[in-house]
Amino acid sequence: MSHQPEVVAKEKAVAEKRASSYQSVRPNVDIHEDKEGITLLADIPGVSREALDIQIDNEILSIDGRVELPVPNGAKADYAGNQTTRFQRSFSLSKELDGEQVEATLKDGVLALRIPKRQEFKPRKIEIRTA
Amino acid sequence: MFARLNGFDRSLTDNFMHLESEMERLFEAAGLRGLHHTAKHSVQPQMHIGSTPEQVDIYLPVAGIDPKAVNISLERNQMTISGQRDVEKSDSAKLVKKERFDGEFRYQINLPDDVDQEKVEASYEQGVLHVKIARREAAKPRQITIQ
């Protein structure tokens with residue numbers, strides 16, 4: 001059985017653009033899909049747990065994290081590649097994903113979101129009764 | 001497509017966003033979706049270097065690496081930071097979207113001439129590599145008192 005729905009988390013362009021500003025950056029993400037659900041990994045280096053806000057509203061998942069570098073007082077910026085202050089990105093979740101059951105972990109600047117599929121969309125094995 | 005951008009009721013930001021979505025639409029129509037995508041994602045956080053008379057601080061955002069696998073060397077005033085990042089792979093899962101960097105990285109940074117080779121400290125926190133290099137005493141500005 002290889003028929004699997006294609007994309008389960010689609011980028012939500014409208015919501016994201018409304019929230020974005022010049023200083024915000026879209027974090028790069030990987031999305032893995034398996035039979036039970038999806039795992040979304042996002043690179044958000046420099047964002048602490050406290051500075052990270054993840055919301056699910058109306059099947060729209062939004063990630064918003066602020067970068068806080070412990071720059072010493074009075075430091076002169078010799079080279080600031082780009083003054084990133086914020087990571088922002090939104091996705092629209094497909095109906096088969098259960099937004100109520102999201103698990104989030106943050107380690108070394110990588111955010112991992114595990115979103116399971118709703119029970120009725122998980123593959124079930126049908127027992128064949130012997131006649 | 002430009003006719004729609006002329007409305008005065010739209011703010012500049014709105015116009016910009018509108019342009020972006022128009023671009024997206026055009027790229028998609030031309031079958032270049034991937035290309036536009038890559039361009040949009042090329043803006044990623046870069047290195048930040050700051051200095052005080054006492055030290056130079058380098059902040060390099062590299063999420064999800066093993067700090068033990070990072071090599072930092074300082075030769076005269078040239079610092080090299082290299083390492084490798086291996087992103088998570090799975091046999092049972094299908095990769096629906098792949099944007100995160102996977103592989104080796106290498107940065108070469110020219111530091112001020114007065115950095116002290118002996119006093120280099122590095123730490124890794126929240127996916128940001130922080131290298132602190134002290135500057136030599138003699139190089140620090142001294143206040144001369146007039147008698």
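Residues numbered from 1 in each chain as written. Chains lettered and ligands numbered in written order. Predicted model: local features only at pLDDT ≥ 70, side-chain atom pairs only at ≥ 80, totals over all residues. Heavy atoms only, no water.

- As annotated in an unreviewed UniProt entry, chain A is Hsp20/alpha crystallin family protein from Candidatus Thiodiazotropha lotti.
- Here chain A is described in UniProt, under the heading Sequence similarities (unreviewed entry), as follows: "Belongs to the small heat shock protein (HSP20) family." (UniProt positions renumbered as here; feature names shortened; annotations may be inferred.)

1. Considerations on the pairing of strand β9 (residues 103-107) of chain A
All names here are of chain A.
Okay, so step 1: In terms of burial, β9 is largely open, as just zero of its five residues are buried.
Okay, so step 2: Across five bridges, the pairing between β9 and strand β10 (residues 110-116) is antiparallel. Each bridged residue has a counterpart across the sheet, and for glutamate 103 the counterpart in β10 is arginine 114. (Buried < 20%, exposed > 50% of the residue type's maximum accessible area, 1.4 Å probe, protein only. Helix = DSSP H or I, 4+ residues; strand = E, 2+ residues; numbered from the N terminus. Pairing = 2+ DSSP bridges.)

2. Regarding the pairing of strand β1 (residues 48-51) of chain B
All names here are of chain B.
Okay, so step 1: A two-sided burial pattern is seen for β1, the buried positions comprising His48 and Gly50 on one face and Ile49 and Ser51 on the other.
Okay, so step 2: Both β1 and strand β2 (residues 55-61) contribute to a ladder of four bridges, which runs antiparallel. Bridging across to β2, isoleucine 49 finds its partner in isoleucine 58.

3. Here we look at the confidence of the model for chain B
Residues and elements named next belong to chain B.
Okay, so step 1: Averaged over every residue, the pLDDT of chain B is 76; residues scoring 70 or more account for 67%.
Okay, so step 2: For residues 1-17, every residue scores under 50 in pLDDT, and the model assigns this stretch 16 contacts once sequence neighbours within four places are set aside.
Okay, so step 3: Counted against residues more than four places away or in other chains, residues 33-42, with its pLDDT under 50, gives 18 contacts. (pLDDT = per-residue confidence, 0-100. Contact = heavy atoms within 4.5 Å.)

4. Considerations on the nonpolar core
Okay, so step 1: Counting residues in each nonpolar core, the largest one holds 20 residues, and the members touching the most others are A:Leu40, A:Val47, A:Leu61, A:Ile63, A:Phe91 and A:Leu111.
Okay, so step 2: Look past the residues within four positions of A:Leu40 in its chain and what remains in contact with it is A:Val29, A:Asp30, A:Ile31, A:Leu61, A:Ile63, A:Phe91, A:Leu111, A:Ala112 and A:Leu113.
Okay, so step 3: In terms of nonpolar packing, the next biggest core, distinct from the first, is built from 19 residues, B:Ile58, B:Leu60, B:Val70 and B:Ile133 among them. (Core = buried A, V, L, I, M, F, W, Y, C linked by side-chain atoms within 4.5 Å.)

5. Re the sheet that holds strand β4 (residues 78-85) of chain B
Residue and element names in this part refer to chain B.
Okay, so step 1: A sheet is described by the order of its strands in space; here three strands give the open sequence β3-β4-β6, paired in antiparallel fashion. A strand with exactly one partner marks an edge of an open sheet, and here the two such strands are β3 (71-75) and β6 (103-110). With direction set aside, neighbouring strand axes in the sheet form an average angle of 10°. (Axes fitted to C-alpha atoms, helices over the stretch in contact; angles between N-to-C directions.)

6. A few points about the pattern of salt bridges
Any two side chains of opposite charge can pair, given that their charged atoms come close.
Okay, so step 1: Summed over all chains, the structure comprises 13 salt bridges over all chains.
Okay, so step 2: Between A:Glu33 and A:Lys117 there is a salt bridge, with its nearest N and O atoms 3.2 Å apart. Remark: A:Lys117 occurs in the segment after β10 and A:Glu33 occurs in strand β3 (residues 29-33); sequence separation between them is 84 residues.
Okay, so step 3: Classification of A:Lys117 as buried rests on a relative accessible area of 5%.
Okay, so step 4: Its salt-bridge partner being A:Asp43, residue B:Arg85 comes within 2.7 Å of it at the nearest N-O pair. With B:Arg85 in strand β4 and A:Asp43 in strand β4 (residues 37-43), this pair bridges two chains.
Okay, so step 5: Residue classification places B:Arg85 among the buried positions, given a relative accessible area of 5%. (Salt bridge = Lys/Arg side-chain N within 4 Å of Asp/Glu carboxyl O.)

7. With respect to the environment of A:Asp64
Residue and element names in this part refer to chain A.
Okay, so step 1: Within the secondary structure, aspartate 64 is located in strand β6 (residues 60-67).
Okay, so step 2: Sequence separation between aspartate 64 and aspartate 53 is 11 residues, and the spatial gap between their C-alpha atoms is 5.1 Å.
Okay, so step 3: Apart from the residues within four sequence positions on either side, aspartate 64 is in contact with Ala51, Leu52, Asp53, Arg86, Phe87 and Gln88.
Okay, so step 4: At 2.7 Å, the side chain of aspartate 64 and the side chain of arginine 86 are in polar contact. (Polar contact = N/O pair within 3.5 Å; in protein donor to acceptor, adjacent residues only side chain to side chain.)

8. A look at the sheet that holds β9(A)
Okay, so step 1: Strand order in the open sheet formed by five strands is β9(A)-β10(A)-β4(A)-β3(A)-β5(B), with antiparallel pairing between adjacent strands. The sheet terminates laterally at β9 of chain A together with β5 (94-98) of chain B, the two strands that pair on one side only. Between one strand and the next, the sheet's axes are offset by a mean angle of 15°, whatever the strand orientation.
Okay, so step 2: In terms of strand pairing, β4(A) meets β10(A) through seven bridges, oriented antiparallel. Note that in β10(A) the partner of A:Leu41 across the bridge is A:Ala112.

9. Observations regarding the side chain of A:Gln88
Residue and element names in this part refer to chain A.
Okay, so step 1: Inspection of the secondary structure assignment puts glutamine 88 in strand β8 (residues 86-93).
Okay, so step 2: Overall, glutamine 88 belongs to the buried group, its relative accessible area being 6%.
Okay, so step 3: Within the structure, the side chain of glutamine 88 is placed 3.3 Å from the side chain of aspartate 64, a separation counted as a polar contact.

10. Section: unusual backbone geometry
All names here are of chain B.
Okay, so step 1: Its identity is not glycine, yet arginine 76 carries a phi of approximately 55°, on the positive side.
Okay, so step 2: As for its position among the elements, arginine 76 is in the loop between β3 and β4.
Okay, so step 3: Given a relative accessible area of 69%, arginine 76 falls into the exposed group.
Okay, so step 4: Not every positive phi belongs to a glycine, and glutamine 126 is a case in point at roughly 50°.

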